[in-house]
Amino acid sequence: QVQLVESGGGLVQPGDSLKLSCATSGNIFSIYVMGWYRQAPGKERELVAAITSAGTTNYVDSVVKGRFTISRDHAKNTLYLQMNSLEPEDTAVYYCNARGSPYASSNLDAWGQGTLVTVSS
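Reference entry: report on the structure contained in this document. (Residues numbered from 1 in each chain as written. Predicted model: local features only at pLDDT ≥ 70, side-chain atom pairs only at ≥ 80, totals over all residues. Heavy atoms only, no water.)

1. Overview of the nonpolar core
- Among the nonpolar cores identified, the biggest contains 29 residues, and W36, V48, L81, M83 and Y94 are the most heavily contacted of them.
- With 4 residues, the single largest contributor to this core is strand β9 (residues 92-99).
- Discounting residues that sit within four places of it in the chain, Y94 has contacts with E6, L20, W36, Y37, R38, V48, F68, L81, M83, G114, T115 and V117. (Core = buried A, V, L, I, M, F, W, Y, C linked by side-chain atoms within 4.5 Å. Buried < 20%, exposed > 50% of the residue type's maximum accessible area, 1.4 Å probe, protein only. Helix = DSSP H or I, 4+ residues; strand = E, 2+ residues; numbered from the N terminus. Contact = heavy atoms within 4.5 Å.)

2. Things to note about the pattern of salt bridges
- Within the structure shown, the criterion is met by 4 salt bridges.
- Put simply, E46 and R38 hold a salt bridge, and the shortest N to O gap is 3.0 Å.
- Residue class for E46 comes out partly exposed when judged on its relative accessible area of 32%.
- Accessibility expressed as a relative area gives 7% for R38, which makes it buried.
- Among the ionic pairs, R99 bridges to D109, the shortest N-O distance being 3.6 Å. Of this pair, R99 sits in strand β9 while D109 sits in strand β10 (residues 109-111), placing them 10 residues apart in sequence.
- The exposure class of D109 is partly exposed, given its relative accessible area of 44%.
- Three or more residues are tied together by salt bridges with common partners; here these are R38, E46, R67 and D90. (Salt bridge = Lys/Arg side-chain N within 4 Å of Asp/Glu carboxyl O.)

3. Looking at unusual backbone geometry
- Phi is positive for K65, which is not a glycine, with a value near 50°.
- By the secondary structure assignment, K65 is in the loop between α1 (61-64) and β7 (68-73).
- For S105, which is not glycine, the phi dihedral falls at a positive 55°.
- Mapped onto the elements, S105 comes out in the loop between β9 and β10.
- You can call S105 exposed: its relative accessible area is 65%.

Okay, here's the thing in structure tokens:
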């Protein structure tokens, strides 16, 4: 099993930056890919960015627009999302996700409790 705990959210103004963290514990060696999702009020949860255990990254350009960076520190067992130039449209609960490798038929699919990011002037 894998446990995920997000932190780093808060209230910021447009143009500000935030760095979200996702602490992992448990059977972390089974993680193949981790991602950040977000869910805005009245909208469905959507993928923001993902990173594999090998370091390959993927960004949803329509969401990130060149402003965010996903990274993973294996030594600290922590996933990060650096968010710059935040806009009100970024307001959402941000969730951390961990999944196992489909090539190994892993059933791992873990979620954190979410951390709220509010961007408002």
